[in-house]
Amino acid sequence: MSDARSTRVRSPRTETDDAATADRAATADRAATAEHAATAEHAATAERPATAEESEEAGDRETCPECGGRTRADAAERVCADCGLVVEADRIDHGPEWRSFDDDDANPKRTGAPLTRSRHDRGLSTEIGRSTKVKGRKRRRLARMRTQHNRAQISTKRDRNKVYAYTEIRRLTGVLELPDSVRDAACALFDSAQEESLLRGRSLEGFAAACVYVACRTADVARTVGEVCAEAKATEDEHRAAFDAMNRELGLPIAPSGPAEYLPRFASDLGCDPAVERRAGELAERAVEEGIANGRNPVGVAAACLYTAARELDAECTQQEAADVADVTPVTVRRTYVDLTEE
């Protein structure tokens, strides 16, 4: 019996598929072997000690270049613990700019500018911005919308008066170099005067100047009526009428000013030594106690005290210089000087 011969014939396409399958299997095996080798190399690198170059670089960062001492990281700086040298500074902090606590339910997101008393709407109003990318009809429509939006922000005459007075108060405090606390106090005082209906028949500029002057007096900031009115749009008569109305109806908590309030500023303008300023303070106290300052301008008394102290300590200061700083005449300084030097 003869052996049976297989009649199955393999086509060329089948042989090609089998070869491709074998190639894919070999490629997968090689990839797995390479990945395993890379993992082993990484583990070996992590376990091995640092090389000399890496150790030297890390040592340079932790060693002070001046004294060779150890450095420590303090907030955004790296400082030497021995000599205090700042090795690194201005490190970028990628964390949030706000602090969060477990019992804090406030939303830490940005909400715009803070509230302020120097705006009639406390700074809560919005504005329609401008853009150079908008052209033609859309740009004209946005301009009309901006105009109507600005008109809608000031709906009553009361708000219009408040906007004008607040603008004048901000201008005055800026020219006189006053702090923001004085500006906010002046705006709050104007609100009180408007609620009591004191503005009718009186000047808004006068009330703005009077509010700034009263805020300076309550905050112990030395500013005279002449200095405020010299920068204000109101005259001294308008300032006096507004001040008298507020003092009568609101009961302002201010006392008569004394010469000691003006000494630091006048001493700074004259360039006096601290010893001269201290002696002038003692003379100002004696002038008040002995009644020398009664019925006199406290500004002139302060200038006379500085001049007297400078004469006693042999400092350079003339009557004309003291009078110019206080905006008074030399005769005013001389009269108080004579009273202070009498035995």
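Quick caveat: nothing in here was measured; it's all calculated off a predicted structure.

Quick notes on the sheet that holds strand S3 (residues 86-88)
The strands that make up a sheet are held in pairs by hydrogen bonds between backbone atoms, and each pair lies either parallel or antiparallel. The strand order across the open sheet formed by three strands is S1-S2-S3, and the pairing between neighbours is antiparallel. Of all strands in the sheet, those bounded by a partner on one side alone are strand S1 (71-74) and S3. Geometrically, the sheet is characterised by an average inter-axis angle of 35° between neighbouring strands, direction not taken into account.

Digging into the pairing of strand S2 (residues 77-80)
With four bridges connecting them, S1 and S2 associate as antiparallel partners. Bridged to Thr71 within S2 is Cys80. Turn length for the S1-S2 hairpin, with the two strands adjacent in sequence and antiparallel, is two residues, and the turn residue Ala75 shows positive phi of about 55°. The pairing of S2 with S3 spans two bridges and is antiparallel. Paired with Arg78 across the strands is Glu88, a residue of S3. The turn joining S2 and S3, which pair antiparallel and follow one another in sequence, is formed by five residues; a positive phi near 80° is taken by Gly84.

Considering the packing of helix H6 (residues 204-218) against helix H8 (residues 236-249)
The N-to-C vectors of H6 and H8 enclose an angle of 65°; their axes lie 8 Å apart at closest approach. Crossing of H6 against H8: the hand is right-handed. Across from Gly206, Phe207, Ala209, Ala210, Cys211, Tyr213 and Val214 in H6, the residues of H8 making contact are Glu238, His239, Ala242, Phe243 and Met246. The residue makeup of the contact of H6 with H8, split by class, is nine nonpolar, two polar and one charged.

Here we look at the pattern of salt bridges
Per the stated rule, a full pass over the model turns up 12 salt bridges. Of the charged contacts, one joins Glu282 and Arg279 as a salt bridge, the two residues approaching to 3.0 Å between their closest N and O atoms. Here Glu282 and its partner Arg279 are both found in helix H10 (residues 274-289), three residues apart, which amounts to about one turn of the helix. Taking the relative accessible area as the measure of exposure, Arg279 reaches 27% and is therefore partly exposed. Close ionic contact of Glu290 with Arg286 constitutes a salt bridge, the shortest N to O distance being 3.4 Å.

Some words on a negative patch on the surface
On the surface, a cluster of negative charge is made up of Glu316, Glu321, Asp324 and Asp327. Position of Glu316 relative to the elements: it lies in the loop between helix H11 (298-312) and helix H12 (319-326). According to the relative accessible area criterion, Glu316 is exposed, its value standing at 79%.

A word on the environment of Tyr164
When you line up the elements, Tyr164 lands in helix H4 (residues 157-175). Residue classification places Tyr164 among the partly exposed residues on the basis of a relative accessible area of 35%. Sequence spacing of Tyr164 and His120 is 44 residues, and the spatial spacing of their C-alpha atoms is 9.4 Å.

Parameters and conventions
Residues numbered from 1 in each chain as written. Predicted model: local features only at pLDDT ≥ 70, side-chain atom pairs only at ≥ 80, totals over all residues. Heavy atoms only, no water. Pairing = 2+ DSSP bridges. Helix = DSSP H or I, 4+ residues; strand = E, 2+ residues; numbered from the N terminus. Axes fitted to C-alpha atoms, helices over the stretch in contact; angles between N-to-C directions. Left-handed = near helix turned anticlockwise from the far one by under 90°. Contact = heavy atoms within 4.5 Å. Nonpolar A, V, L, I, M, F, W, Y, C, P; charged D, E, K, R; others polar. Salt bridge = Lys/Arg side-chain N within 4 Å of Asp/Glu carboxyl O. Buried < 20%, exposed > 50% of the residue type's maximum accessible area, 1.4 Å probe, protein only. Patch = residues over 30% accessible without salt bridge, like charges linked within 9 Å, V, L, I, M, F, W, Y side chains within 5 Å. Areas by Shrake-Rupley, 256 points an atom, 1.4 Å probe, with all protein chains shown as cover. Lys, Arg positive; Asp, Glu negative; His and termini not counted. Charge placed at Lys NZ, Arg CZ, Asp CG, Glu CD.

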